[in-house]
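# Fold and geometry: a report
In case you want the letters, here they are:
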Amino acid sequence: MSDPKATFMEIDAMGKPCPMPLLMLKRAIKSTSTQQKFCLKASDPNSEIDILRYCQMQNLSCQMIKITEHELHYLIES
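These numbers come from a predicted model, not from an experiment.

Once that is clear, we can look at the sheet that holds strand E3 (residues 61-68). Spatial strand order, E1-E2-E4-E3: 4 strands in an open sheet with mixed pairing. The open sheet terminates on both sides in strands that have one partner only, identified here as strand E1 (9-13) and E3. On average, adjacent strands in this sheet sit at an angle of 20 degrees to one another, irrespective of strand direction. Where strand E2 (residues 37-42) lies against strand E4 (residues 71-77), 6 bridges are found, and the strand directions are antiparallel. Each residue of the ladder has a partner; that of Leu40, found in E4, is Tyr74. Packed onto the sheet, helix H1 (residues 20-31) meets E1, E2 and E4 and runs at close to 155 degrees relative to E1. Sheet strands in contact with helix H2 (residues 47-57) are E2, E3 and E4, and its direction is about 5 degrees off that of E4.

Right under this line is the structure:
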């Protein structure tokens, strides 16, 4: 069985404080001209509020997976 994250473009925001994870996501979305899937990796717990709210406002599908206490993965589809 294949890893579901394998088809996602990875955005590594580990160790970066908010609002950097959100800004990195916006930049990645803007740089793609077609529908894309993203896996945003973040360590800042405040990113949860920013990322989920942004995805809701932009009508993006977003699933958050808590890997560890200090690692969150957001699977986002535009």
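With that out of the way, let us pick up the nonpolar core. Core analysis: the biggest nonpolar cluster contains 17 residues, and Ile11, Leu25, Phe38, Leu40, Ile51, Tyr74 and Ile76 have the highest contact counts within it. Looking at this core element by element, the count peaks at 5 residues for H1.

This next bit is on the pattern of salt bridges. On inspection of all chains with the given rule, the structure shows 2 salt bridges. The shortest N-O distance in the salt bridge between Glu10 and Lys41 comes to 3.2 Å. Of this pair, Glu10 sits in strand E1 while Lys41 sits in strand E2, and the two are 31 residues apart along the sequence. By relative accessible area, which is 18% here, Lys41 ends up buried. For Lys66, the salt bridge is made with Glu69, and the minimal N-O distance between the two is 3.8 Å. The same class applies to Lys66 as to Glu69, namely exposed.

Take the environment of Thr68 next. Relative to the assigned elements, Thr68 resides in strand E3. Separated by 11 residues in the primary sequence, Thr68 and Met57 have C-alpha atoms spaced 27 Å apart. Separated by 3.2 Å, the side chain of Thr68 and the backbone nitrogen of Glu71 make a polar contact.

About the thresholds
- Residues numbered from 1 in each chain as written.
- Predicted model: local features only at pLDDT ≥ 70, side-chain atom pairs only at ≥ 80, totals over all residues.
- Heavy atoms only, no water.
- Pairing = 2+ DSSP bridges.
- Helix = DSSP H or I, 4+ residues; strand = E, 2+ residues; numbered from the N terminus.
- Axes fitted to C-alpha atoms, helices over the stretch in contact; angles between N-to-C directions.
- Contact = heavy atoms within 4.5 Å.
- Core = buried A, V, L, I, M, F, W, Y, C linked by side-chain atoms within 4.5 Å.
- Buried < 20%, exposed > 50% of the residue type's maximum accessible area, 1.4 Å probe, protein only.
- Salt bridge = Lys/Arg side-chain N within 4 Å of Asp/Glu carboxyl O.
- Polar contact = N/O pair within 3.5 Å; in protein donor to acceptor, adjacent residues only side chain to side chain.

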